[in-house]
Amino acid sequence: MNKKIQALKYLFADAFSAGFAWFLFFAYRKSIIEAQVFDVNHIIMQDERFRYGVVSVALFWVFVYALSGYYESIYRRSRLLELKQTIVQTFFGVLVIFFVALLDDTITNYKNYYGSILILFSFHFSLTFILRYTITTRTIRRIHNREIGFKTLIVGGGESAVMMYKSLKESPKSSGNIFVGFVNGMDLDGHLLEAYIPYLGSYKNLADIIQSNEIEEVLIAIERSEQNHILEEIINDLEALDVLIKVKPNNYDILAGKVKMKSIFEVPLVEIKHELMPLWQIATKRIFDVLIALTALLLLSPLCLLVVLFIKLDSKGPIFFFQERVGINGKLFNIIKFRSMCVDAEKEGPQLSGDDDARVTRWGRFMRRYRIDELPQFLNVLMGDMSMVGPRPERAHYADQIMERAPYYKHVRKVRPGITSWGMVRHGYASSVDEMIDRLRYDIIYIENLSLFNDLKVLIYTFKIVFQGRGK
């Protein structure tokens, strides 16, 4: 499956429907609200405001949908859920357009305002949902017909796993599972499934097996005799990975309150969903991240130019420092900083920096005190690798050491890493793995209490630390 092409189908459909809805609405305003009778098509196409508006409005809607995460999980669509999403998105988007672009219109009656909102909502919702419904219906039909699907791994290889596999394979309508293989649990007889699909190893190596085989979905069908021993361990391991997790119903009792029942045709499964934040908060957090990053880069650009000058005057070497870090779902990315150390700072391998680190330049020490070296990370935020607030990303070298001593570190990978964090506010920079583990406690507390309000608190405390020059 080509996810990028599928996402582009929705994107172009949304842009077209938004532009065409605005065309219809513009014609309505000219011919009804302004009470004029003329050749609408001819006049509209020559109207500069229309040409500017149709492009701006289309870009606005695509931007809103992208920030809300609509173009993610594009092959796992529910038409009923899509109806609900389109109604909600259209409602709030139309309100924004009304207050930004329509509130100062010349009108003869305030009822025209209500009529304009209703008409714009109707045009936009109808066109958007029709095109989305068409694409989604065709995609679902292709999944049912086994033309496309998701690379799937089964955890468990006993009778329960065999029964589930046969039920899914023999179902008249496919649920989209393309079985790559299976891993067994603790059951010594857990290799019965090998007669149908390849055996890939033990559940102890789940993360490596999933990454090497590009698994998208994991179905857990371990035997009841072993579920109490390993089910929770397996779920914890999988939660740190970007995969969809489903469990056979007879195995979900110990996870009561944390799951959502979902019927996959004749095979009922439990879909594990540990949502850290409501969808609207996730979308809002991303919107604020982008807005804050753009604003900061614009307002602080004079300061950044001065920083660049001082870096070049202070020591030889590049202006920026790029370093590979572990991000959300364990994906690697390059973090961007202003260089605060000498060029060959890690010629002997990865080393953490302390308070009196001789590798730090004179200007670098000042930058670190006020965290000026972190400013280029606003670019990481815009690229989607980082958030404004979130656990600080570590290098894989140290992340592996932390994981060995604190296995719960895997939960940090559920969220985007941040420029600042509750751990940074409470603990500051870490100069050893022990200090990283101490700081980890605060990051876990932050993740378990994730909310926009707590993000705001962390930002306020961070500004206070920066202005007081208490950064390390």
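So, a few notes on the structure that sits alongside this text. (Residues numbered from 1 in each chain as written. Predicted model: local features only at pLDDT ≥ 70, side-chain atom pairs only at ≥ 80, totals over all residues. Heavy atoms only, no water.)

Structural notes on the pairing of strand S4 (residues 217-220)
Part 1: Side chains Glu217 and Leu219 project from S4 onto one buried face, and the interleaved Val218 and Ile220 project onto a second face that is buried too.
Part 2: Sheet analysis places strand S1 (residues 150-155) next to S4, joined by four bridges and oriented parallel. In the strand pairing of S4, Ile154 is matched with Leu219.
Part 3: Taken together, the four bridges between S4 and strand S5 (residues 244-247) define a ladder with parallel strand orientation. Among the inter-strand pairings, Ile220 is bridged to a residue of S5, identified as Val247. (Buried < 20%, exposed > 50% of the residue type's maximum accessible area, 1.4 Å probe, protein only. Helix = DSSP H or I, 4+ residues; strand = E, 2+ residues; numbered from the N terminus. Pairing = 2+ DSSP bridges.)

Observations concerning the packing of helix H13 (residues 396-405) against helix H15 (residues 433-448)
Part 1: Relative to each other, H13 and H15 sit at 65°, their axes nearing to 10 Å. Regarding the angle of H13 to H15, the classification is roughly perpendicular. Of the two possible hands of crossing, H13 and H15 adopt the one that is right-handed. Across from Tyr398, Gln401, Ile402 and Arg405 in H13, the residues of H15 making contact are Val433, Asp434, Met436, Ile437 and Leu440.
Part 2: Taken together, the residues of the contact of H13 with H15 break down into six nonpolar, one polar and two charged. (Axes fitted to C-alpha atoms, helices over the stretch in contact; angles between N-to-C directions. Parallel < 35°, antiparallel > 145°, perpendicular 65-115°, else oblique. Left-handed = near helix turned anticlockwise from the far one by under 90°. Contact = heavy atoms within 4.5 Å. Nonpolar A, V, L, I, M, F, W, Y, C, P; charged D, E, K, R; others polar.)

What about a positive patch on the surface?
Part 1: Side chains of Lys9, Arg79, Arg138, Arg141 and Lys173 sit close together on the surface and give a patch of like positive charge.
Part 2: Tracing the backbone through its elements, the reader meets Arg138 in helix H5 (residues 111-144). (Patch = residues over 30% accessible without salt bridge, like charges linked within 9 Å, V, L, I, M, F, W, Y side chains within 5 Å. Areas by Shrake-Rupley, 256 points an atom, 1.4 Å probe, with all protein chains shown as cover. Salt bridge = Lys/Arg side-chain N within 4 Å of Asp/Glu carboxyl O. Lys, Arg positive; Asp, Glu negative; His and termini not counted. Charge placed at Lys NZ, Arg CZ, Asp CG, Glu CD.)

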